[in-house]
Amino acid sequence: MVKELMNYINGEWVKPDTDRENIVLNPANQEVIGKGFHSSKEQTEEAIRVAKETFERGEWANATPGERAAVLLKIADMIDERAEEIATLDTIDNGKILEEASFDVADAASTFRYYAGLIQAPAGEVFNASDDHQSMIVREPVGVTGLIVPWNFPLLMSVWKIAPALAAGNSIVFKPAEVTPMSAMILFDIFDQIEELPKGVANMVMGEGNVVGQTISESHDVDMVSFTGSTAVGKKIMQAASGNLKRISLELGGKSPNIVFADTDLDMAVDYGLFGIFYGSGQICSAGSRILVEESMYDDYVKLFVEKVKNIKVGPGLDPESNMGAIVSEQQMNRVLEYIEIGKQEGATVAAGGYRLTDNGLDKGFFIAPTVFVDVENDMRIVQEEIFGPVVTIQPFKDEADAVRLANSTNYGLAGGVFSKDGSRAMRVIKQVRAGITWVNDYHPTFVEAPWGGYKQSGIGHSLGTYGLEEFQEVKQINVRLQPESPGWFPQ
Ligand code: NAD
């Protein structure tokens, strides 16, 4: 059934107000699953105005932590109740396999529960500043927060922002990605059913990045913008946000190293290499898109990797036989295919894949074979730039220092992993990797308790954990004089 795309402003479903159509396709077969229009600058400003008024009225901002937590817990339960529906929607919207989408939905519910718990834990500080002063540090909501998300985890990326923003007492103006707006409508339907969430606290505006996203980022009535997406757009947002010096939180791209020392079990290291890059069809910011292997193991690693790549069954996300799904859109597929051509032109060797898949009923969808490049030079574009698809480069390294040098040799610093049986070496190396999310003898698991964020051009700020809540809070000191008397500074 084709769903109509709608905005949610001031507790009402309203149509996006331009005549610029947005047709949402299932990337596995190009069937239309959603249809509607983009929103205008004016409609975005209306949502911001509502969020501001709601924040100033203070019903939500001044609700007790317990009251806010109760709402978050209700949302989590309602996500669980509709888990299958939401996971199916994310699958046909994004292209990922149903199993991955189901993890995302479970994680989304956990994120609401985590922040429901965290907001009820006393978080202020009190100290005796002097004999005569009691000082307190309190946390308050930032105000109107603009939340802008990408298409790779349609529900989960939204919830990583919405849950802490609401927990902290903010009002929100949320913008989903144009190509994956479907599950957000379920999330806002859940909000709509919760009476205790005041109207106007949670608003959603569908539309283009350069209209809706830009308006949110520029608005002087927005106090903070929290963005997940590409580094290029992150830079634009930083500029747009400077008008009123709004707070920014940016979760951006990556080109993350997965470092394998020769003492590692070969089979396990290859499996993690495959998992690191091809989970989510490589459309994951933290994907291990550069595999670095110690010279003495390199040939065996590449040989086994290429053999195992052939076992990956690419197909529609709803087909239980599929291990890897579609690329989110035709535009993204073409971008990835273009990078594959660039790699070939740069002189790299395609050891596996390297083409669009159209056989066995995949011709209507956007599928790319898992692709492996070897014989790469470190300055090639396919090594330095984020491809955001199922494309990996495998490079040899000589020793520990060389591994660290290569690992840190891009503008990104989001994630990284190291595999070695020598615990001291693994620890030495991972400590030198300039990235915010790292693993030893593992790749990909992430925990709601731990901050998620990047070094260098991979971002500013963090999602998740206590850090993810603090992003959405102002910090205030209150100094109380215990024996008030004239300061006596100026002549009496
Ligand atoms: P994108 O930057 O193209 O778009 C992200 C969002 O920004 C979309 O909603 C888009 O409409 C909006 N946007 C576009 N132009 C804008 C503008 N001028 N002002 C405001 N908003 C604008 O990214 P994408 O292609 O949707 O997603 C892929 C990117 O996201 C990759 O680079 C990936 O690494 C990154 N990502 C990062 C993380 C992380 O946690 N660091 C997580 C997921 C994805």
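The structure displayed is predicted, hence computed values, not measured ones.

Analysis parameters
Residues numbered from 1 in each chain as written. Predicted model: local features only at pLDDT ≥ 70, side-chain atom pairs only at ≥ 80, totals over all residues. Heavy atoms only, no water. Helix = DSSP H or I, 4+ residues; strand = E, 2+ residues; numbered from the N terminus. Rg over C-alpha atoms; globule rule 2.2 N^0.38 Å. Buried < 20%, exposed > 50% of the residue type's maximum accessible area, 1.4 Å probe, protein only. Axes fitted to C-alpha atoms, helices over the stretch in contact; angles between N-to-C directions. Parallel < 35°, antiparallel > 145°, perpendicular 65-115°, else oblique. Left-handed = near helix turned anticlockwise from the far one by under 90°. Contact = heavy atoms within 4.5 Å. Pairing = 2+ DSSP bridges. Salt bridge = Lys/Arg side-chain N within 4 Å of Asp/Glu carboxyl O. Core = buried A, V, L, I, M, F, W, Y, C linked by side-chain atoms within 4.5 Å. Near = heavy atom within 4 Å. Polar contact = N/O pair within 3.5 Å; in protein donor to acceptor, adjacent residues only side chain to side chain. Areas by Shrake-Rupley, 256 points an atom, 1.4 Å probe, with all protein chains shown as cover. Nonpolar A, V, L, I, M, F, W, Y, C, P; charged D, E, K, R; others polar. Patch = residues over 30% accessible without salt bridge, like charges linked within 9 Å, V, L, I, M, F, W, Y side chains within 5 Å. Phe/Tyr/Trp six-rings, centres within 6.5 Å; stacked < 30°, edge-to-face > 60°.

A. Structural view of the overall build of the protein. When helices and strands are tallied, the protein shows 15 helices and 25 strands. Whereas a compact globule of 492 residues would reach a radius of gyration of roughly 23 Å, the protein reaches 24 Å, a difference of no more than 12%. For the protein, the spread of C-alpha atoms along the principal axes amounts to about 85 × 55 × 40 Å. Each of the 492 residues in the protein was classed as buried or not, and the buried ones make up 57%.

B. Region of the structure containing the packing of helix 4 (residues 98-120) against helix 5 (residues 154-167). One can describe the packing of helix 4 onto helix 5 by two numbers: an axis separation of 9 Å at closest approach and a directional angle of 10 degrees. By the angle between their directions, the pair helix 4 and helix 5 is classed as roughly parallel. For the element pair helix 4 and helix 5, the recorded crossing hand is right-handed. Between helix 4, through Asp104, Val105, Asp107, Ala108, Thr111, Phe112, Tyr115 and Ile119, and helix 5, the contact on the second element is made entirely by Leu155, Leu156, Val159, Trp160, Ile162, Ala163, Pro164 and Ala167.

C. Examining the sheet that holds strand 18 (residues 371-374) more closely. What the 7 strands build is an open sheet, ordered 15-18-19-14-13-21-22; its pairing is mixed. The sheet is open, and its two edges are formed by strand 15 (349-352) and strand 22 (437-440), each paired on a single side. Between one strand axis and the next, the sheet turns by 20 degrees as a mean value, whatever way the strands run. Two strands pair when backbone bridges link them, and strand 21 (residues 415-419) and strand 22 are joined in this way by 4 bridges, in the parallel orientation. Across the sheet, the residue bridging to Gly416 is Thr438, located in strand 22. Helix 9 (residues 266-278) contacts strand 13 (257-260), strand 14 (290-294), strand 18, strand 19 (391-397) and strand 21 of the sheet and is inclined by roughly 140 degrees relative to strand 19.

D. Here's a closer look at the pattern of salt bridges. Summed over the entire model, instances satisfying the criterion amount to 27 salt bridges. Two residues, Lys15 and Glu4, come together in a salt bridge whose shortest N-O distance is 3.5 Å. Residue Lys15 is found in the loop between strand 3 (12-14) and strand 4 (21-25), and its partner Glu4 is found in strand 1 (residues 3-4); the two are separated by 11 residues along the sequence. For Lys15, a relative accessible area of 52% puts it in the exposed group. The partner of Glu140 in a salt bridge is Lys476, with the nearest N and O atoms 3.2 Å apart. One end of the pair, Glu140, is in strand 7 (residues 133-141); the other, Lys476, is in strand 25 (residues 473-481), and 336 residues separate them in sequence. According to the relative accessible area criterion, Lys476 is partly exposed, its value standing at 37%. Residues joined by salt bridges that share partners form a network here, namely Glu46, Arg49 and Glu53.

E. The arrangement of the nonpolar core in detail. Core analysis: the largest hydrophobic core is formed by 103 residues, its most contacted members being Phe112 and Phe305. Not counting chain neighbours up to four residues away, the residues in contact with Phe305 comprise Val270, Gly273, Leu274, Ile277, Phe278, Ile291, Val372, Val392 and Ile394. Core analysis: the next-biggest nonpolar cluster, separate from the first, contains 19 residues, Val173, Val205, Val212 and Ala241 among them.

F. Just the site of the ligand, in detail. In the region of the ligand, 29 residues are neighbours, and Val149, Glu178, Ser230, Leu252 and Glu386 sit closest. The side chain of Ser230 places a nitrogen or oxygen atom 2.6 Å from an oxygen atom of the ligand. Here an oxygen atom of the ligand sits 2.5 Å away from a polar atom, N or O, in the side chain of Glu386. Its free accessible area being 850 Å², the ligand has 90% of it covered by the protein chains. Put simply, the parts of the chain that give the shell around the ligand at least two residues each are helix 7 (209-218), strand 11 (224-228) and helix 8 (231-240). The class makeup of the residues in the shell around the ligand is 15 nonpolar, 9 polar and 5 charged.

G. Region of the structure containing the sheet that holds strand 1. Taken together, 3 strands build an open sheet; the order of strands is 1-5-4 and the sheet is mixed. Strands with a single pairing partner mark the edges of an open sheet, and in this sheet they are strand 1 and strand 4.

H. Structural view of the packing of helix 2 (residues 65-81) against helix 4. Interhelical geometry of helix 2 versus helix 4 gives an angle of 170 degrees and a closest axis separation of 8 Å. Our classification of the angle between helix 2 and helix 4 gives roughly antiparallel. In this structure, helix 2 crosses over helix 4, and the sense of that crossing is left-handed. For the pair helix 2 and helix 4, contact is made by Pro65, Gly66, Arg68, Ala69, Leu72, Leu73, Ile75, Ala76, Asp77, Ile79 and Asp80 and by Val105, Ala109, Phe112, Arg113, Tyr115, Ala116, Ile119 and Gln120, respectively. Within the contact of helix 2 with helix 4, the residues separate by chemical class into 13 nonpolar, 2 polar and 4 charged.

I. Expanded view of a nonpolar patch on the surface. The grouping of Val2, Ile23 and Val32 at the surface amounts to a nonpolar patch, some 200 Å² of accessible area in total. By secondary structure assignment, the location of Val32 is in strand 5 (residues 32-37). For Val32, a relative accessible area of 34% gives the class partly exposed.

J. Representation of the packing of aromatic side chains. Taken as a whole, this structure holds 13 aromatic pairs when the rule is applied. An angle of 65 degrees between the planes, with centres 5.3 Å apart, marks the rings of Trp160 and Trp452 as edge-to-face. Here Trp160 is found in helix 5, whereas its partner Trp452 is found in the loop between strand 22 and strand 23 (455-456), with 292 residues between them in sequence. Taken together, the ring pairs connect Tyr8, Trp13, Phe174, Phe188 and Phe191 into an aromatic cluster.

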